[in-house]
Amino acid sequence: MPARRELGTVISVDELTPGMFSMWIGTGCGDSSLPGQFVALYSHDRSRILPRPFGICDTEPGKLRLVFRVAGAGTEEFSRYRPGEPVEILGPLGNGFPALSDRALLIGGGSGLPPVYNLMKHYAGEKTAVLGYRDSAMFLREDFAAAGRTVVATEDGSFGVRGNVLDAIRSENLADGAGVIFACGPTPMLRAVKAFAREQGIPCYLSLEERMACGIGACLACVTKSTEKDAHSNVNNKRVCKDGPVFEAGEVEL
């Protein structure tokens, strides 16, 4: 579905855990979007010219859900929106996860959890979600559990497996029989997942988190190093917003 820019309407804004918010927006921008794609929201403050990108967490006909952490002035503004408030939105943007049907491990950590939940809810094949949190302040865990088998790792051991997502995968032998791995989260996590997938011989797709500016690939602010030359720039770069954010793990250097 081509990207569209329109004026949506806020349906609800709820705080899930301290500083983490869920927003439903009435808009057609999510209709026919793919898990892994994102949208961009424009601030009411026109001194903030560029929009803020958000991975799509969930969609229903005529509306979509975003889950985000307050990290600056823009996200703080969005967290204060109220039902009925207009919001300018552009999307869907980027490329999503491929439509495979193998037995999959869906791995998410931090702000990478929302797009993984979107994939979890819509994935056609057998799936297990592996979620990484710092502590017991967990968001979306119950949503994941309602959508399928879910294993949790916390760094402090307050819930689930003590450690990170790979500790959980190894302790539960989750890689046995897995046909594909999908992951989204902080770069150190993605780097470790990529190495693990290569070690296990499992195809792997990563959704990268980069600071995006324009969201359409024009400004080159979100480039990441690639293994092959990019046709757009003729250097070893990929534009995360335009060429991604989902890449086959072998395409990018982390």
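Here the structure is shown first, and the text comes after it.
Computed from a predicted structure; not experimentally measured.

Enquirer: What am I meant to see in helix H5 (residues 187–200) here?
Expert: Counting along an α-helix, one turn takes 3.6 residues, and residues three or four places apart therefore face a common direction. The terminal C-alpha atoms of H5 lie 20 Å apart, and with 14 residues this matches the ideal 20 Å at 1.5 Å per residue to within 8%. Along H5, the residues that are buried comprise Met189, Leu190, Val193, Lys194, Phe196 and Ala197. One side of H5 holds all its buried residues, which, seen down the axis, span an arc of 165°. Opposite the buried face of H5, at more than 90 degrees from it, the exposed residues are Pro188, Arg198 and Glu199. Those residues of H5 that are buried lie in contact with strand E8 (104–109), helix H4 (165–171), strand E12 (180–184) and strand E13 (204–207). Directly after H5, the chain includes glycine 201, whose backbone phi takes a positive value near 70°.

Enquirer: Would you mind going over the environment of lysine 63 with me for this structure?
Expert: Tracing the backbone through its elements, the reader meets lysine 63 in strand E6 (residues 63–69). Note: C-alpha distance between lysine 63 and valine 10 (53 residues apart in sequence) is 9.4 Å. If we ignore the near neighbours within four places in the chain, the residues touching lysine 63 are Ile11, Trp24, Ile25, Gly26, Thr27 and Asp31.

Enquirer: It is not clear to me how the sheet that holds E8 should be interpreted in this structure. Could you clarify?
Expert: Within a sheet, each strand pairs with its neighbour through backbone hydrogen bonds, oriented either parallel or antiparallel. Across the sheet, which stays open at both edges, the 7 strands sit in the order E11-E10-E9-E8-E12-E13-E16 with mixed pairing between neighbours. Each edge of the sheet is formed by a strand with only one pairing partner; in this case those strands are strand E11 (161–162) and strand E16 (246–248). Here strand E10 (residues 149–154) runs beside E11; their pairing, made up of 2 bridges, is parallel. Each residue of the ladder has a partner; that of threonine 154, found in E11, is arginine 162. Contacting E8, strand E9 (127–133), E10 and E12, helix H2 (residues 113–122) runs over the sheet at an angle of about 155° to E8. Packing of H5 onto the sheet brings it into contact with E8, E12 and E13, and relative to E12 it is tilted by some 170°.

How each quantity is defined
Residues numbered from 1 in each chain as written. Predicted model: local features only at pLDDT ≥ 70, side-chain atom pairs only at ≥ 80, totals over all residues. Heavy atoms only, no water. Helix = DSSP H or I, 4+ residues; strand = E, 2+ residues; numbered from the N terminus. Expected span 1.5 Å × (residues − 1). Buried < 20%, exposed > 50% of the residue type's maximum accessible area, 1.4 Å probe, protein only. Arc of directions from axis to C-beta. Contact = heavy atoms within 4.5 Å. Pairing = 2+ DSSP bridges. Axes fitted to C-alpha atoms, helices over the stretch in contact; angles between N-to-C directions.

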